[in-house]
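Architecture at a glance
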Amino acid sequence: MSELAKTQDLVEEGGNQCRKRSHTNSEHCTKRAKLNDMSSSEKNASFSILNPNSNGSSIALKLASSMTKPGATAKKLVIKNFKSKPNLPENYQETTWSKLREAVIAIQTSKSIDYSLEELYQAVENMCSHKMASQLYVNLTNLVEGHVKSNIEQFLSESMDRQVFLKRMNDCWKAHCRQMIMIRSIFLYLDRTYVLQNPSIHSIWDMGLDLFRHHIAMNTLIQTRTVDGLLLLIERERGGDSVDISLLKSLLRMLSDLQIYQDAFEHKFLQATERLYSAEGQRLMRELPVPEYLAHVEKRLREEHEHLLHYLDPCTKWQLIHSVERQFLSEHLTGILSKGLESLMDGPRLHDLTTLYNLFSRVKDGLTELCNHFNAYIKKKGRTIVIEPERDKTMVGELLEFKEQLDNIVTGCFQRNDRFLYSMREAFEFFINQRQNKPAELIAKFVDLKLRAGNKEATEEELERLLDKIMVLFRFIHGKDVFEAFYKKDLAKRLLVGKSASVDAEKSMLSKLKQECGGGFTCKLEGMFKDMELSKDINVTYKQHLAASQESSSLDLSVYILTMGFWPTYPPVEIRLPAELTRHQDHFGKFYLAKHSGRKLQWQPTLGHCVLRAHFAQGKKELQVSLFQALVLLLFNDGDNLSFEDLKANTNIEEGELRRTLQSLACGKARVVCKSPRGREVADTDTFTFNGDFVNKLFRIKINQIQMKETSEEQKATEERVFHDRQYQIDAAIVRVMKMRKALSHNLLISELYNQLKFPVKPADLKKRIESLIDRDYMERDKDNPNQYNYVA
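Residue numbers here run from 1 along each chain, matching the order of that chain's written sequence. Whole-chain, interface and lining totals are the exception, using all residues; otherwise, since this is a predicted model, local features are given only for residues with pLDDT of at least 70 and side-chain atom pairs are given and counted only at 80 or more. Only hydrogens and water are set aside when side-chain values are computed; all heavy atoms of the structure are taken into account.

Time to look at the nonpolar core. Inside soluble globular proteins, nonpolar side chains tend to come together where they are buried. Here, nonpolar core means buried Ala, Val, Leu, Ile, Met, Phe, Trp, Tyr and Cys residues that are tied together by side-chain atoms lying within 4.5 Å of each other. Between buried and exposed lies partly exposed: a residue is buried under 20% and exposed over 50% of the maximum accessible area for its type, with that area taken using a 1.4 Å probe on protein chains only. One finds Phe187 and Phe265 to be the most contacted residues of the largest nonpolar core, which totals 156 residues. Not counting residues within four places of it along the chain, the set of residues in contact with Phe187 comprises Trp97, Leu100, Val104, Val124, Leu136, Leu140 and Ile204. Counting residues in each nonpolar core, the second largest holds 42 residues, with Leu557, Phe636, Leu642 and Phe688 among its members. Should any heavy atoms of two residues lie within 4.5 Å, those residues are counted as being in contact.

Next comes the structure, spelled out in structure tokens:
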């Protein structure tokens with residue numbers, strides 16, 4: 001049943017009121033429907049009022065209601081078919097297309113159109129509504145194709161200049177686009193109905209592009225000349241010449257819109273780019289220093305980004321930038337670093353290093369190569385600082401300066417990249433241990449120099465920062481026990497002679513060492529500070545004891561009680577002391593042993609210092625001297641002219657120490673003793689007299705002891721002590737491992753020992769200690785497997 005019949009059935013079943021309507025009303029509705037039919041037939045000239053989706057029927061609605069009758073609510077819907085289908089005028093299709101064709105040709109030839117756009121649009125709509133759309137589309141396509149073909153001839157002239165050719169191509173393309181926009185606006189109804197309903201055919205705009213692409217852009221000669229012209233313009237622009245950027249942009253946009261950009265242009269463009277920059281990179285690597293070369297690479301990358309922004313298609317970006325980076329950077333990574341990294345680092349040229357890092361981070365393996373060369377540079381330069389003995393005096397200062405320079409580079413130029421931080425630490429640890437034990441010794445002496453009372457070159461804050469930097473170097477040292485041995489010896493001198501710059505600074509350094517190495521490393525150093533504090537209390541108690549015993553003396557004695565295990569080992573020295581000083585020593589010994597029975601006191605004269613009152617012609621002075629200096633000066637109370645042999649016999653001071661003592665008194669700044677004959681060296685035949693005419697504006701004068709440079713024997717003695725301590729630590733580690741494992745192979749034992757020991761050790765040394773423990777029955781070789789050890793309980 002048709003939709004119309006369904007509707008009629010529904011209306012007829014609408015209820016009793018519809019059935020009871022008067023015959024008069026029915027006739028009235030019928031007459032109105034006839035009038036409507038007549039009016040429709042009279043309007044056949046205006047085909048736009050016909051519903052394009054209708055089936056030839058017209059629906060007339062009549063809502064009949066007796067508004068004059070109160071309470072009347074009856075409604076009636078009357079539907080009737082067209083009596084006849086409306087007819088189009090004869091030759092309508094030909095006439096209408098002729099009108100449209102004339103308009104399209106006028107657009108293509110840039111002439112005025114004789115018809116209004118509304119009229120043309122209405123004509124297209126009427127043709128589509130009456131199933132003429134298919135032929136209309138074919139006619140339009142043929143018309144556009146003919147016009148496009150007519151434009152080919154202008155591009156085939158071989159004598160045409162490239163610039164003229166490109167401009168003509170651009171004008172043709174722009175004209176074609178303008179024409180297709182106007183044509184599409186007229187045929188918009190066709191585009192939105194027929195084309196949308198047929199996915200297999202192009203839209204009017206795409207049809208225009210397809211025809212232009214097929215007949216013009218895909219023409220081999222035209223395409224080749226267009227692409228070659230574009231490449232020439234780009235090459236000239238890269239060379240610094242001024243070119244028409246808008247022309248480049250328009251033609252490249254044309255290739256993109258025609259979807260031939262990649263096939264026709266991009267491949268050739270990238271090949272030309274590689275050839276250009278490959279040759280340029282090789283030439284500039286030979287001609288330019290590295291900083292200028294890097295600046296040129298940055299400039300080229302910046303230019304290519306601008307090209308992408310101004311006229312190249314975005315799809316070219318990755319390949320283009322990658323090509324520039326490959327030809328300028330990837331192909332020359334090793335060359336750039338070998339040629340210029342060392343000079344950039346030595347500067348340091350921070351801006352150029354930042355540029356180098358940024359550029360190398362853009363290419364594969366760039367940062368890896370940079371990090372490897374950075375590591376090699378540190379090892380090379382650091383090794384020259386550490387290995388050369390003539391640079392020992394300045395080694396630590398140079399290392400600190402070198403480390404600070406590298407920190408600035410890694411932080412400021414290399415964006416604090418973890419890879420470079422680890423590489424720098426590994427390089428420092430490598431080269432600083434190339435010279436065994438010496439860096440540890442020199443770092444300890446450098447700390448001693450900075451913590452002495454005479455060091456006035458830095459504030460407390462600056463000293464604290466310097467100690468932090470020294471601790472960084474300390475972390476790289478393998479032989480930390482060597483540092484401890486020399487540091488302990490120097491700390492003892494500072495504490496006992498009162499040369500420490502600051503107790504706070506000393507304790508701050510101790511805290512840093514404890515934090516770095518643990519309490520076991522600093523327990524002896526902490527014991528030294530405890531001894532100093534306990535000694536102060538003992539001296540107060542001793543003075544109270546002297547006051548209670550009513551013993552008076554012109555001598556004021558202060559004693560430091562040192563626990564032997566905490567302090568460095570000092571060789572016993574026998575010297576001849578004045579009787580009064582000997583008496584005071586014996587008195588203090590009795591006092592101390594009475595309070596601490598079972599202990600033994602051993603006096604260390606090499607560590608003593610005194611304050612003497614001296615009478616000169618200028619007046620009285622106080623001389624702050626060492627105990628050895630005091631012994632020499634006190635002898636001049638009994639005689640004015642003393643020979644070297646007399647002094648040696650009366651003091652019993654070791655000969656070398658006596659010579660240094662006399663040099664400090666007779667050849668230094670404060671010459672309270674005169675030497676005859678004059679000279680810097682003290683000979684056995686020299687004689688000495690007290691200088692009563694000594695003049696100095698100060699009342700208390702400190703006469704520094706000439707510090708003999710640490711002899712090779714003393715250094716060897718300190719190193720020997722470290723070596724013995726290491727032997728004990730190795731023995732303890734072996735016993736500890738074997739006690740836990742009971743049985744272990746040689747290789748596993750050696751591996752375990754390497755993990756436990758904190759100082760560098762050779763396999764041969766470990767083997768000697770294992771043999772020693774076997775000889776002492778701490779362990780034994782397995783009877784069945786000589787490569788395995790068993791613990792002996």
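In the segment running from Gly347 into Pro348, the intervening peptide bond is cis, with an omega of -15°. Strands are runs of DSSP state E lasting at least 2 residues, helices are runs of H or I lasting at least 4, and numbering of each runs from the N terminus. In this fold, Pro348 is placed in the loop between helix H16 (333-346) and helix H17 (350-360). Backbone torsion omega between Ser676 and Pro677 reads -5°, so that peptide bond is classified as cis. Along the chain, Pro677 falls in the loop between strand S4 (673-676) and strand S5 (687-690). Its identity is not glycine, yet Gln415 carries a phi of approximately 55°, on the positive side. Taking the relative accessible area as the measure of exposure, Gln415 reaches 55% and is therefore exposed.

Among the structural elements, His176 can be located in helix H7 (residues 162-186). On the accessibility criterion, His176 (6% relative accessible area) is buried. Those residues within four positions of His176 in sequence are excluded, and the remaining contacts are Val144, Val148, Gly208, Leu209 and Phe212.

Among the residues of helix H28 (residues 644-651), those classed as buried are Phe644, Leu647 and Thr651. In an axial view of H28, the angular spread of the buried residues amounts to 65°, which keeps them on one side of the axis. Looking at the packing, one finds that the buried side of H28 touches helix H27 (627-635), strand S3 (641-643), helix H29 (655-666) and S5. Of the residues one or two after H28, Asn652 is the one with positive phi, at around 60°. Directions from the helix axis toward the C-beta atoms define the arc.

Turning next to the environment of Arg225. Its location among the elements puts Arg225 in helix H11 (residues 220-238). Exposure remark for Arg225: the relative accessible area of 18% places this residue in the buried category. For the pair Arg225 and Leu156, spaced 69 residues apart in the sequence, the C-alpha separation amounts to 9.8 Å. Discounting residues that sit within four places of it in the chain, Arg225 has contacts with Phe155, Ser157, Glu158, Met160 and Phe165.

Turning to its location among the elements, Arg659 is positioned in helix H29. Polar contacts, as counted here, are pairs of nitrogen or oxygen atoms within 3.5 Å of one another; within protein the pair requires one atom able to donate a hydrogen and one able to accept it, and residues that are adjacent in sequence qualify only if both atoms are side-chain atoms. A polar atom in the side chain of Arg659 sits 2.8 Å from the side chain of Glu655. Looking at Arg659, its side chain comes within polar contact range of the side chain of Asp684, at 2.5 Å. Ignoring any residue separated from it by four or fewer positions in sequence, one finds Arg659 in contact with Phe644, Val682, Ala683 and Asp684.

Attention shifts here to the sheet that holds S3. A strand pair is defined by DSSP finding two or more bridges across the two strands. With respect to topology, three strands assemble into an open sheet ordered S3-S5-S4, the strand pairing being antiparallel. The open sheet terminates on both sides in strands that have one partner only, identified here as S3 and S4. With strand direction ignored, the average angle separating the axes of adjacent strands in the sheet is 30°. Taken together, the three bridges between S3 and S5 define a ladder with antiparallel strand orientation. Looking at S5, one finds that Ser643 is bridged to Thr687. The axes are straight lines fitted to the C-alpha atoms, using for helices just the contacting stretch, and the angles between their N-to-C directions are given from 0 to 180°.

Within this analysis, patches are made of residues with over 30% relative accessible area and no salt bridge. Like charges are joined at 9 Å or less; nonpolar side chains (Val, Leu, Ile, Met, Phe, Trp, Tyr) at 5 Å or less. The method behind every accessible area is Shrake-Rupley, applied with a 1.4 Å probe, and residues are considered shielded solely by the protein chains displayed. The rule for a salt bridge is simple: a side-chain nitrogen of Lys or Arg has to be within 4 Å of a carboxyl oxygen of Asp or Glu. In this charge count, Lys and Arg are treated as positive and Asp and Glu as negative; neither His nor the chain ends contribute. We put the charge of a Lys on NZ, of an Arg on CZ, of an Asp on CG and of a Glu on CD. A surface patch of like charges, here negative, comprises Glu460, Glu461, Glu462 and Asp504. Here the element with the most residues in the negative patch is helix H22 (residues 460-476); it accounts for three residues. Mapping Glu461 onto the fold places it in helix H22.

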